[in-house]
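Below, each chain spelled out in residue letters.
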Amino acid sequence: MSISLKFPDGAERSYEDGATPLAVAEGISKSLAKKVVAAKIDGAWWDLTRPLEGGGTFELVMRDSADGLEVLRHDAAHVLAQAVQELFPGTQVTFGPVTEDGFYYDFAREEPFSTDDFEKIEKRMKEIVDADLPIIRKVWEKEAAIAHFKSIGEIYKAETIDEVIKPGDPITIYSHGDKWGDLCRGPHLPSTGSLGKAFKLMKLAGAYWRGDQKNAQLQRIYGTAWADEKQLADYLTRLEEAEKRDHRKLGRQMDLFHMQEEGRGMVFWHPKGWTLWRTLESYIRRRLDAAGYVEVKTPQVLDRVFWEKSGHWDKYRENMFVCETVEEETLSLKPMNCPGHVQIFKVGQKSYRDLPLRMAECGACHRYEPSGSLHGLMRVRAFTQDDAHIFCREDQIEDEVAGFLQLVRLVHGDFGLVATHIDLGTRPEKRAGSDEFWDKAEAMMANAARKAGIEPRIAEGDGAFYAPKLDFIVKDAIGREWTCGTIQLDYVLPDRLGADYVGEDGAKHKPVMLHRAIFGSFERFIGIIIENYAGAFPMWLAPVQVVVATITQDADSYAKEVAAKMRAAGLRVELDLRNEKVGYKVREHSLAKVPAIAVVGRKEAEQGSVALRRLGGEAQTLMSLPEALAALTGEATPPDLRRAS
RNA sequence: GCCGCCAUAGCUCAGCUGGUAGAGCACCUGAUUUGUAAUCAGGGGGUCGGGGGUUCGAGUCCCUCUGGCGGCACCA
């Protein structure tokens, strides 16, 4: 008997039945075989040392490929688990998957681990690699496997197998020699030695068993693993570089904002940060005006009775900042703008001719977020949404959603942002409404997304309890994901708060509401763009657009004139007349990431010119003042006000 | 909120096993009038996050609170 393998290059060769992928690789070249970590047959993973059971399209997985790294990292997780169990007897293993840059393993142990243990654990991991234990795959019956794990005290493993594996289905256990074994789908390397030593334990964290707060808290050890030492070093360098873009760090360095103990999750905006905010606010206002929105402003604090009517008192109470007055009223700061907007909608009689009604507000909301979730500007307790609610008929939903999605892409594009994906949050377990309603609502959202040229990623169960939503997900410098831009369908609130309109038939109807935001919140969006630009904002966003810096005091009066003319042209200008060398001034303003420095000395004063230097370049361009004004004001024009050329 | 780590001058950080705080930058003063990423000299500044304890003696050890960081959970 022989089997036939079809290689990626199209070649087809026969092998003896039972040949292993490793033998196949060795048959091609010895050096190739050294770099192979697994194989795929007809797209399915196959261990290198597992005899092939049939022919098909055959692919060798190299250790530095994306697939190969996955195999390595999976092995690293197993080696970590073995090391931990050897060093800390009594520790139970639970679950240890691969992540984007590495792996983690969740352990159950009474005593806490400390990061001080990492050195010891890494050392043991390296010993296991040196021991080069063969990794053996064995197929087990489900019941036997459960009994086995129970007998060695691995309760979590037994539970996992019991719930995940269908009765009668076989499972595979991979073991390192006769020392250690774990339930695993595979594939794995032939032996622990092939893992190499380009791995590192990174951090320690608590994690709930099965991600549920009600369950026991496990201890998670995160690690990273790479094909070789160089890749590992590169990765660590990348992390360091990313940290430099952190908006919390840049916010302080660039004097944009600060936060302090007495106001956790609350931002003190400094003049430069607030300038950035105002620039964004006028920008988004123009975009919304152009998109047919009307703007409103609603109260910051409202009576408890109001929140009872809206349902927030019942459903959202623990996130609300509640206060009492001396006259014993109970009030709450608004956590959302929607109920307020419904009040405006309700004043007077609305007709179907008024729909869709797009009501916007830069609304400041306060939410008592869990302390552990606070994160710089990304997650705060007081934030301003670029919020709006679109009141419309059901048959207008799809167009409104599609139009909104296009608007988001236009806006994000102006900041060079590309969403990593758009999530369609579908029906959650606890929900209102029939399955028919959800089928229809989810289909409407998906269709609208496709109309806007977007194929959404399904975020199973992430919808609101009353309807599905679409979220624009953007990554920050450290790779964390944040929602910037969202649109959410709502049939409930208008009904609850008694909003209606008169239809063509003369009867009253309930409008549908679309909750939507483009930035998400000003705070988060500013955090994102700080990181995205690494603080080096384009001219139109930069808090200080130009610094006029003198070389000698002889040029002071001319420098003042230059700055005044620039200000008159609408530029944000600072004047640096300090008694310092130009080099010093250039360095300082470059570090402050000011996009342009206009240097003036005796020569410029005489000829009415400036020497313009751009951030990131060393070239200076000598030009007349009017030329400089034209160039700078052109660049400082917000993208929505630029003429299409 | 939960788990782990951390907290020294405005910022970045040093201070070994307990012996009454130090650097660079920033700030202030003076000199220097400077041609594109740091001119020189001098000076001021910290009850070492708060509270408690151990000790003859605590920045250093222990407890506790507060806050920060990294995850988990929750979410714009």
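For the structure, check the block above.
Throughout what follows, the structure given in this document is the object of discussion. (Residues numbered from 1 in each chain as written. Chains lettered and ligands numbered in written order. Predicted model: local features only at pLDDT ≥ 70, side-chain atom pairs only at ≥ 80, totals over all residues. Heavy atoms only, no water.)

Observations concerning the packing of helix α17 (residues 556–568) against helix α20 (residues 625–635)
Taken N-terminus to C-terminus, the directions of α17 and α20 make an angle of 35 degrees; their axes are 11 Å apart at the nearest point. Note on packing geometry: the crossing formed by α17 with α20 is right-handed. Between α17 and α20, the residues in contact are Tyr558, Val562, Lys565 and Met566 and Leu625, Leu629 and Leu632, respectively. Along the lines of polarity and charge, the residues of the contact of α17 with α20 split into six nonpolar, no polar and one charged. (Axes fitted to C-alpha atoms, helices over the stretch in contact; angles between N-to-C directions. Helix = DSSP H or I, 4+ residues; strand = E, 2+ residues; numbered from the N terminus. Left-handed = near helix turned anticlockwise from the far one by under 90°. Contact = heavy atoms within 4.5 Å. Nonpolar A, V, L, I, M, F, W, Y, C, P; charged D, E, K, R; others polar.)

Overview of the protein's contact with RNA strand B
Taken together, 58 residues surround RNA strand B, and among them Gln217, Ser371, Asn579, Glu604 and Arg613 come closest. Among atoms of RNA strand B positioned within 4 Å of the protein, sugar and phosphate together represent 52%. Contact between RNA strand B and valine 380: a base nitrogen at 2.5 Å from a main-chain N or O atom of the residue. Of all elements in the fold, only β11 (199–208), β12 (217–225), α8 (247–253), β21 (382–392), α18 (582–591), α19 (602–607) and β32 (609–614) reach the threshold of two or more residues within the surface near RNA strand B. Looking at which element gives the most residues to the surface near RNA strand B, the answer is α18, with seven residues. Looking at side-chain class alone, the surface near RNA strand B contains 18 nonpolar, 21 polar and 19 charged residues. (Near = heavy atom within 4 Å. Polar contact = N/O pair within 3.5 Å; in protein donor to acceptor, adjacent residues only side chain to side chain.)

Side note on empty space enclosed by the protein
Applying the stated criterion across every chain, the model contains two cavities of 30 Å³ or more. When its volume is computed, the largest cavity comes out at roughly 80 Å³. Those elements giving two or more residues to the lining of the largest cavity turn out to be α9 (271–290), β15 (294–295), β20 (357–366) and β21. By residue class, the composition of the lining of the largest cavity is five nonpolar, no polar and six charged. (1 Å grid on protein atoms, 1.4 Å probe; cavity = no way out; pocket = protein on both sides within 12 Å on 5 of 7 lines; lining within 4 Å. Points joined across faces, edges and corners; volume = space filled by probe spheres on them.)

Points about the side chain of glutamate 400
The topology assignment puts glutamate 400 in helix α13 (residues 397–414). In this structure glutamate 400 touches Pro356, Arg358, Ile390, Cys392 and Leu514, once residues within four positions along its chain are discounted.

Side note on the layout of surface pockets
Size it by volume and the largest pocket reaches roughly 1,700 Å³. Lining the largest pocket we find 49 residues, and of these Tyr316, Met336, Arg367, Lys469 and Gln488 sit closest to its centre. Secondary-structure elements contributing two or more residues to the lining of the largest pocket are α11 (312–315), β21, β22 (421–425), β24 (469–475), β25 (481–490), α15 (492–496) and β28 (512–517). Looking at the lining of the largest pocket, the element that brings in the most residues is β25, giving five residues. In the lining of the largest pocket, the residues fall into 18 nonpolar, 16 polar and 15 charged.

Details of helix α12 (residues 338–346)
Buried within α12 are the following residues: Cys338, Pro339, Gly340, His341, Val342 and Phe345. Phi for glycine 348, located one or two positions after α12, is positive at around 80 degrees. (Buried < 20%, exposed > 50% of the residue type's maximum accessible area, 1.4 Å probe, protein only.)

Comments concerning the environment of glutamate 229
Of note, glutamate 229 is situated in helix α7 (residues 229–244). Classification of glutamate 229 as partly exposed rests on a relative accessible area of 47%. Along the chain, glutamate 229 and arginine 264 lie 35 residues apart, while their C-alpha atoms are 41 Å from each other. Once residues lying within four places of it in the same chain are set aside, the contact partners of glutamate 229 are Lys197 and Ala198.

A closer look at the state of the cysteines
This structure, assessed with the given rule, holds zero disulfides. Among the cysteines around cysteine 338, which has no disulfide bond, cysteine 365 carries the closest sulfur, lying 8.1 Å off. (Disulfide = S-S within 2.5 Å.)

Quick look at the nonpolar core
Residues Leu405 and Phe415 are the most contacted members of the largest nonpolar core, which totals 71 residues. Tyr105, Met125, Ala225 and Trp226 belong to the second largest nonpolar core, which has 40 residues in total. (Core = buried A, V, L, I, M, F, W, Y, C linked by side-chain atoms within 4.5 Å.)

Some details on the sheet that holds strand β9 (residues 171–176)
By way of backbone hydrogen bonds, the strands of a sheet pair with one another, either parallel or antiparallel. Pairing in this open sheet of three strands is antiparallel, and the strands run β8-β9-β10 from one edge to the other. Each having just a single partner strand, β8 (135–140) and β10 (180–183) make up the two edges of the open sheet. Each strand axis lies, on average, 25 degrees off the axis of its neighbour in the sheet, ignoring direction. With six bridges joining them, β8 and β9 adopt antiparallel strand pairing. The residue of β9 that forms the bridge with isoleucine 136 is serine 175. Where helix α5 (residues 142–151) meets the sheet, its contacts fall on β8, β9 and β10, and the angle it forms with β8 comes to roughly 120 degrees. (Pairing = 2+ DSSP bridges.)

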